[in-house]
Amino acid sequence: MTRSFEEMVAEADSVSVDGWDFSWLDGRATEERPTWGYQRLMGERLAMAEAALDIQTGGGEVLAGASSFPPVMVATESWPPNVAQATALLHPRGAVVVVDSDEPPLPFADEAFDLVTSRHPATVWWEEIARVLRSGGTYFAQHVGHASVFELVEYFLGRQPDEIRRARHYEDESAAAQAAGLEVMDIRFESLRIEFYDIGSVVYFLRKVIWMVPGFTVEQYRDRLRELHEQILREGPFVAHSSRFLIEARKSG
């Protein structure tokens, strides 16, 4: 029998959302991945670097997937649980994890690195990235783009102002990188399909990705959740789209 709304919501509201592992959603939701394969491309660049910095490394999972590190490998992270996880993953491979507030300045000297990487940075300080890069050095990253998963965001919050929908747009980020003295060598954007198969997956996602619907609680949005549950039963999975862009920028020598 189909599980009830109350059962699915109660389960999703009680399960742990610590860390950045989304395996609880297996069979409940799906998301397309960008075609370019960021982790593989990052690994190729790390293999050719002398000194590299991974900004906002999270738990170090993406960086740890690289087959080899340069002689100097540093990662920054601000959230204590992630710092502990990243340290456990990266220290055995010779990488140093530095606790950083994600506010400028970066705790490194000018021109310290020939490669700076990041996957889904929450904030991007282009002037600081340019400062710590050596002449001819490269910033290579995958960012979350504009209006990502906004079908879900706006289901709960209503239509968002144009300036919020425009935030993180790849054209604006490219312009900001150039203003900081970086030459954009490559930029690619993709919109990626997400499907939520039951209301439990929606509750879990909004509890875990807390900036989507700030302050989200089941009790506050119970009526809207019940409406969405009924919609999924009638029409099938709730469809949204994440946005991602790949950017590679070089510091002129």
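Look up a bit, the structure's there.
Fair warning: this is a prediction, and the values are worked out from it, not measured in the lab.

> What is the right way to read the pattern of salt bridges from this model?
For side chains of opposite charge, pairing can occur when their charged atoms come near one another. Across all of its chains, the model carries 25 salt bridges by this definition. A salt bridge links Arg222 to Glu6, with the shortest nitrogen-to-oxygen separation between them at 3.0 Å. In this pair, Arg222 is assigned in helix H10 (residues 222-235) and Glu6 in helix H1 (residues 5-14), connecting sequence segments 216 residues apart. Glu227 serves as the salt-bridge partner of Arg224, at 2.6 Å between the closest nitrogen and oxygen. Note that Arg224 and Glu227 are positioned in helix H10 at a spacing of 3 residues, about one turn of the helix.

> Any chance you could explain empty space enclosed by the protein here in plain terms?
A water-sized probe, rolled over the atoms, reveals where empty space remains. This model, assessed by the stated rule, comprises 1 cavity of 30 Å³ or more. Volume-wise, the largest cavity comes out at about 120 Å³. Lining the largest cavity are 15 residues, and of these Ile55, Gln56, Leu106, Thr123 and Trp125 lie nearest its centre. Residues belonging to the lining of the largest cavity are distributed by class as follows: 8 nonpolar, 3 polar and 4 charged.

> What exactly am I supposed to notice about helix H6 (residues 150-157) here?
An α-helical segment advances 3.6 residues per turn. Residues three or four places apart therefore align on the same side. The element H6 is extensively covered by neighbouring structure, given that 6 of its 8 residues are classed as buried. Among the residues making up H6, those that are buried are Phe150, Leu152, Val153, Glu154, Tyr155 and Phe156. Each element contacted by the buried residues of H6 is listed here: helix H7 (162-166), strand S7 (182-196), helix H9 (199-208), H10 and strand S8 (238-251). Phi turns positive, to about 80°, at Gly158, one or two residues after H6.

> Before we go on, may I ask you to explain unusual backbone geometry in this structure?
Trans is the prevailing form of peptide bonds, just as negative phi is the prevailing case for residues other than glycine. Cis geometry marks the peptide bond from Pro104 to Pro105, where omega comes out at 5°. Here Pro105 lies in the loop between strand S4 (96-99) and strand S5 (113-119). The backbone of Glu111 shows a phi angle near 55°, a positive value even though the residue is not glycine. Of note, Glu111 is situated in the loop between S4 and S5.

> How should the pairing of strand S2 (residues 51-54) be read in this particular structure?
Side chains on a regular strand alternate between the two faces of the sheet. Alternating positions in S2 separate into two faces, Ala51 and Leu53 on one and Ala52 and Asp54 on the other, with burial throughout. Pairing between S2 and strand S3 (residues 72-77): 4 bridges, direction parallel. Paired with Leu53 across the two strands is Val74, which belongs to S3. Sheet topology places S2 next to S5; 3 bridges connect them, and they run parallel.

> Would you explain the environment of Glu219 in this entry?
Examined against the element boundaries, Glu219 turns out to sit in the loop between H9 and H10. When its relative accessible area of 57% is taken as the criterion, Glu219 is described as exposed. A sequence separation of 46 residues divides Glu219 from Glu173, and the C-alpha atoms of the two residues are 37 Å apart.

> I'm lost on the sheet that holds S3 in this one. Help?
The strand order across the open sheet formed by 8 strands is S1-S7-S8-S6-S5-S2-S3-S4, and the pairing between neighbours is mixed. Because the sheet does not close on itself, it has two edges, and the strands there are strand S1 (29-31) and S4. Within this sheet the neighbouring strands show an average axis-to-axis angle of 15°, counted without direction. Together, S7 and S8 form the strand contacts of H6, whose direction differs from that of S8 by roughly 125°.

> Sorry, what's going on with the nonpolar core here?
As a rule of thumb, soluble globular proteins bury nonpolar side chains together. Grouped together as the largest cluster of nonpolar side chains are 33 residues, with contacts concentrated most on Leu152, Phe156, Phe196, Val202, Leu206, Leu225 and Leu228. Every element with two or more residues in this core is listed here: H1, H6, S7, H9, H10 and S8. Ranked by residues supplied to this core, first place goes to H9 with 6 residues. With sequence-adjacent residues up to four places away left out, Phe156 is seen in contact with Val202, Leu206, Val213, Tyr221, Arg224, Leu225 and Leu228.

How each quantity is defined
Residues numbered from 1 in each chain as written. Predicted model: local features only at pLDDT ≥ 70, side-chain atom pairs only at ≥ 80, totals over all residues. Heavy atoms only, no water. Salt bridge = Lys/Arg side-chain N within 4 Å of Asp/Glu carboxyl O. Helix = DSSP H or I, 4+ residues; strand = E, 2+ residues; numbered from the N terminus. 1 Å grid on protein atoms, 1.4 Å probe; cavity = no way out; pocket = protein on both sides within 12 Å on 5 of 7 lines; lining within 4 Å. Points joined across faces, edges and corners; volume = space filled by probe spheres on them. Nonpolar A, V, L, I, M, F, W, Y, C, P; charged D, E, K, R; others polar. Buried < 20%, exposed > 50% of the residue type's maximum accessible area, 1.4 Å probe, protein only. Contact = heavy atoms within 4.5 Å. Pairing = 2+ DSSP bridges. Axes fitted to C-alpha atoms, helices over the stretch in contact; angles between N-to-C directions. Core = buried A, V, L, I, M, F, W, Y, C linked by side-chain atoms within 4.5 Å.

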